[in-house]
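Letter by letter, the chains look like this.
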Amino acid sequence: MGSLGMPVGRLTATALYHTSHARIENPGTTKGYVNNEFVESKTTKWIDIHDPATNYVVSRCPQSTDAELKAAVDAAEAAFKTFKNTSILSRQQIAFNFVKLIREHWDELAASITLEQGKTVADARGDVLRGLQVAEAACSITSELTGSTLEVSKDMETKMYREPLGVVAAICPFNFPAMIPLWSIPLSIVTGNTLILKPSERDPGAAVLLADLARQAGAPPGVINVVHGSAPTVDFILDDPRIKAISFVGSDKAGKYIYERGTANGKRVQANLGAKNHAVVVPDANKNSTLNAIVGAAFGAAGQRCMALSALVTVGESREWVSEIAERAKQLKVSGGFVEGTDLGPVITPQSKQRIIDIIESAEKEGATILLDGRNIKVDGFPDGNFVGPTIITGVKPGMRCYDEEIFGPVLVVVETETLDEAIELINRNKYGNGSAIFTNSGPTGYKFQKEIEAGQVGINVPIPVPLPMFSFTGNKGSFLGDLNFYGKAGVMFLTQYKTVTSHWRSEDAVGNKADVHMPTHH
Ligand code: NAD
């Protein structure tokens, strides 16, 4: 049986998959995916995948062997030779089919995510949706890839257009097991590249399902391949000269390493890194909707979103609102992701839970106040899960560990300021620049914030301003390394390179340019 309790063969719409946290008696193995076939690894190194709500083992992820990694790149290299010459219309058709298939398999994908990652089913469906939207946007590739032409001299034309790079790779984090693979799969297909995808070793199931859906959508063998493992797999990707570009999403530490070694090896690298996203609350904001937006964006997905609002910056008397935020946060239901009515599930691992607890403790030691404490939460029916309840820390200042580090858990730190200028200055001093939001009813206040804030994705009365994929994901400062962002126009640029062709066809050399005196017999 596979990681979703499915037979190891083809995925079908009627396959069984897990929709509860019950113990799985004989957990299977997660397959690799090469040349449109599931691959049972011959490795001796396996990484257990746990349901974060119970810590039961649900599958085992292989550390793909060097031979398996090489076979995947061989497949992708061979596929590129023909795939690059397929017409753009046929690649667009794959994208159309892929969109339809993702919709049809939405429940299975979401179930895989809840089982391995821990988020609620509703949130897992959102994870799929935000990736599906990239696949939908990829369908417009026929308009995105048009080039330009100019007659530069008499009978001489230069045209400039974009070609695929070849074999490209995507290295993904644990927190969006479908969305982030889908930042790469559809765009890689429509631009004519072939892909080596390495999902997170903690929750790789959804990526394998997506690769098989790409096959069903018409992707030829070798176009989408999935390999597994941790650092050794990443090193293989970094060093194989046949891989031309790497799309990385994850933590600062891995991202900086991948960016440096990847670019030193002559590859293009785009790397989305960590974040500390601030929400500024101005007292003129609509109180009810602002409080709900902050509670949802701080604690949803147990704070394990790179765009989670993890720092609240009150301006003046909006500091009084914090107790009401705590009241609403207390109402959130913490439980297993499959349990009806759950608002937030567990964090990914016991180590992650411990790190979050350590940071909360450090805040106390550094003089902050724990206004709402989720450290000792007990969740009915889930004594062994990695649960942390919503936590709010007030009296926080830059320099404290809870402010300086990304916590990646359901913890909101609160910094008080007196003026909007002070709030903007605070945020601009932060090393990260993924996102920031302001809540206000004043147009000029929102506009000033938009102009002055040094964050790549700005929300005005929008808590998680991740743009839809007709735009790009535009983190900046310490949240991004590279030149071209993920998806949208920048994503297409990242996956393609310019070619210019200058041709000279003298009109005086045209054959048959002598007057034809015969009666025409056809046209
Ligand atoms: P991670 O860096 O631990 O893992 C990401 C990937 O890198 C995984 O595939 C992992 O196998 C690999 N990796 C980890 N350590 C490595 C090492 N030492 N050498 C080589 N490869 C290594 O990140 P994570 O914990 O899976 O994800 C959470 C992080 O991702 C958070 O910091 C979050 O902010 C960030 N993130 C950022 C964005 C964004 O768009 N900016 C989106 C999602 C997540």
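An account of the accompanying structure is given in this report. All of these numbers come straight from a predicted model, not from anything done at the bench. (Residues numbered from 1 in each chain as written. Predicted model: local features only at pLDDT ≥ 70, side-chain atom pairs only at ≥ 80, totals over all residues. Heavy atoms only, no water.)

## Notes on the sheet that holds strand S1 (residues 28-29)
In a beta sheet, neighbouring strands pair by backbone hydrogen bonds and run either parallel or antiparallel.
Moving on, step 1. Spatially, the 3 strands line up as an open sheet ordered S1-S5-S4, and their pairing is mixed. The sheet is open, and its two edges are formed by S1 and strand S4 (46-50), each paired on a single side.
Moving on, step 2. In terms of strand pairing, S1 meets strand S5 (residues 57-62) through 2 bridges, oriented parallel. Residue pairing for S5: Thr 29 is matched across the bridge by Arg 60. (Pairing = 2+ DSSP bridges. Helix = DSSP H or I, 4+ residues; strand = E, 2+ residues; numbered from the N terminus.)

## As for the site of the ligand
Moving on, step 1. Near the ligand lie 25 residues; those nearest to it are Cys 172, Glu 201, Ser 251, Leu 273 and Glu 406.
Moving on, step 2. Taking Phe 174, its main chain carries an N or O atom lying 3.0 Å from an oxygen atom of the ligand.
Moving on, step 3. Between the ligand and Lys 198, the relevant distance is 2.9 Å, taken from an oxygen atom to a side-chain nitrogen or oxygen of the residue.
Moving on, step 4. Contact with the protein chains covers 88% of the free accessible surface of the ligand, which is 840 Å².
Moving on, step 5. Contributing elements (two or more residues each) for the shell around the ligand: helix H6 (179-191), helix H8 (231-239) and strand S11 (243-249). (Near = heavy atom within 4 Å. Polar contact = N/O pair within 3.5 Å; in protein donor to acceptor, adjacent residues only side chain to side chain. Areas by Shrake-Rupley, 256 points an atom, 1.4 Å probe, with all protein chains shown as cover.)

## Regarding the packing of helix H2 (residues 88-104) against H6
The relative placement of two packed helices is expressed as an angle between their axes plus a distance between the axes.
Moving on, step 1. Remark: H2 packs on H6, axes separated minimally by 7 Å, with the N-to-C direction vectors making an angle of 150°. Between H2 and H6, the crossing angle belongs to the class labelled roughly antiparallel. Listed contacts from H6 to Arg 91, Gln 92, Ile 94, Ala 95, Phe 98 and Ile 102 of H2 are Leu 182, Ile 185, Pro 186, Ile 189, Val 190 and Thr 191.
Moving on, step 2. Split into classes, the residues belonging to the contact of H2 with H6 amount to 9 nonpolar, 2 polar and 1 charged. (Axes fitted to C-alpha atoms, helices over the stretch in contact; angles between N-to-C directions. Parallel < 35°, antiparallel > 145°, perpendicular 65-115°, else oblique. Contact = heavy atoms within 4.5 Å. Nonpolar A, V, L, I, M, F, W, Y, C, P; charged D, E, K, R; others polar.)

## Brief notes about the pattern of salt bridges
Moving on, step 1. Here the structure, examined in full by the defined rule, presents 29 salt bridges.
Moving on, step 2. Of the charged contacts, one joins Glu 104 and Lys 100 as a salt bridge, the two residues approaching to 2.9 Å between their closest N and O atoms. Linking Glu 104 with Lys 100, this pair stays in helix H2, spanning 4 residues, or about one helical turn.
Moving on, step 3. Given the relative accessible area of 43%, Glu 104 is considered partly exposed.
Moving on, step 4. The salt bridge partner of Lys 499 is Glu 163, with a shortest N-O separation of 3.3 Å. Of the two residues, Lys 499 sits in strand S23 (residues 496-504) while Glu 163 sits in strand S7 (residues 156-164), which places them 336 residues apart along the sequence.
Moving on, step 5. For Lys 499, a relative accessible area of 35% corresponds to the partly exposed category.
Moving on, step 6. Because the salt bridges share partners, they merge into one network encompassing Lys 70, Asp 74, Glu 77, Asp 240 and Arg 242. (Salt bridge = Lys/Arg side-chain N within 4 Å of Asp/Glu carboxyl O. Buried < 20%, exposed > 50% of the residue type's maximum accessible area, 1.4 Å probe, protein only.)

## A short note on the sheet that holds strand S6 (residues 148-153)
Moving on, step 1. Reading across the sheet, the 3 strands line up as S6-S7-S23 and stay open at both edges, with antiparallel pairing between neighbours. Of all strands in the sheet, those bounded by a partner on one side alone are S6 and S23. Adjacent strand axes in the sheet meet at a mean angle of 25° when their direction is disregarded.
Moving on, step 2. Taken together, the 5 bridges between S6 and S7 define a ladder with antiparallel strand orientation. Residue Thr 149 lies in a different strand from S7, and its bridge partner there is Lys 159.

Take it as geometry only, folks, not as evidence of what the structure does.
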